[in-house]
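Take a look at the letters that make up each chain.
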Amino acid sequence: MSDKQISDEMHDQHPCYEIRLKGHLDDRWADWFEGLNITLEDNGDTLVTGQVVDQAALHGLLKKVRDLGMPLVSVSPVEPGQAGNFRDQAV
């Protein structure tokens with residue numbers, strides 16, 4: 001496979017993000033984050049992870065977090081398929 005083919009394939013993939021919230025997200029909000037994985041961590045945080053189409057969609061997700069009133073801990077880009085980043089939905 002050529003470098004251009006690899007570059008084109010990587011460019012076609014949507015970026016992945018991990019959004020960490022302080023507190024556990026109630027399961028009634030799972031549909032609000034449709035298509036993203038929600039993991040409730042033992043330390044009390046919630047991780048919302050998955051692919052985001054573009055920066056506008058990321059800002060839309062952050063508005064949802066704001067509207068929830070939960071403290072935003074971090075927003076981090078992650079590599080697609082990176083071990084440990086995409087867990088089974090726990091909500």
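Everything numeric here is computed off the predicted structure, so don't read it as measured data. (Residues numbered from 1 in each chain as written. Predicted model: local features only at pLDDT ≥ 70, side-chain atom pairs only at ≥ 80, totals over all residues. Heavy atoms only, no water.)

Draft legend 1. Looking closely at the environment of Thr 49. Mapped onto the secondary structure, Thr 49 falls in strand 3 (residues 45-51). A relative accessible area of 1% places Thr 49 in the buried class. When the C-alpha positions of Thr 49 and Val 78 are compared, they lie 8.8 Å apart, and in sequence the two are 29 residues distant. (Helix = DSSP H or I, 4+ residues; strand = E, 2+ residues; numbered from the N terminus. Buried < 20%, exposed > 50% of the residue type's maximum accessible area, 1.4 Å probe, protein only.)

Draft legend 2. Representation of the confidence of the model for the protein within the structure. Mean pLDDT for the protein: 81, with 75% of residues reaching 70 or above. Confidence drops under a pLDDT of 50 for residues 1-10, and excluding neighbours within four residues, the segment shows 2 contacts in the predicted structure. Scored below 50 in pLDDT, residues 83-91 shows 28 contacts in the model against residues more than four places distant or in partner chains. (pLDDT = per-residue confidence, 0-100. Contact = heavy atoms within 4.5 Å.)

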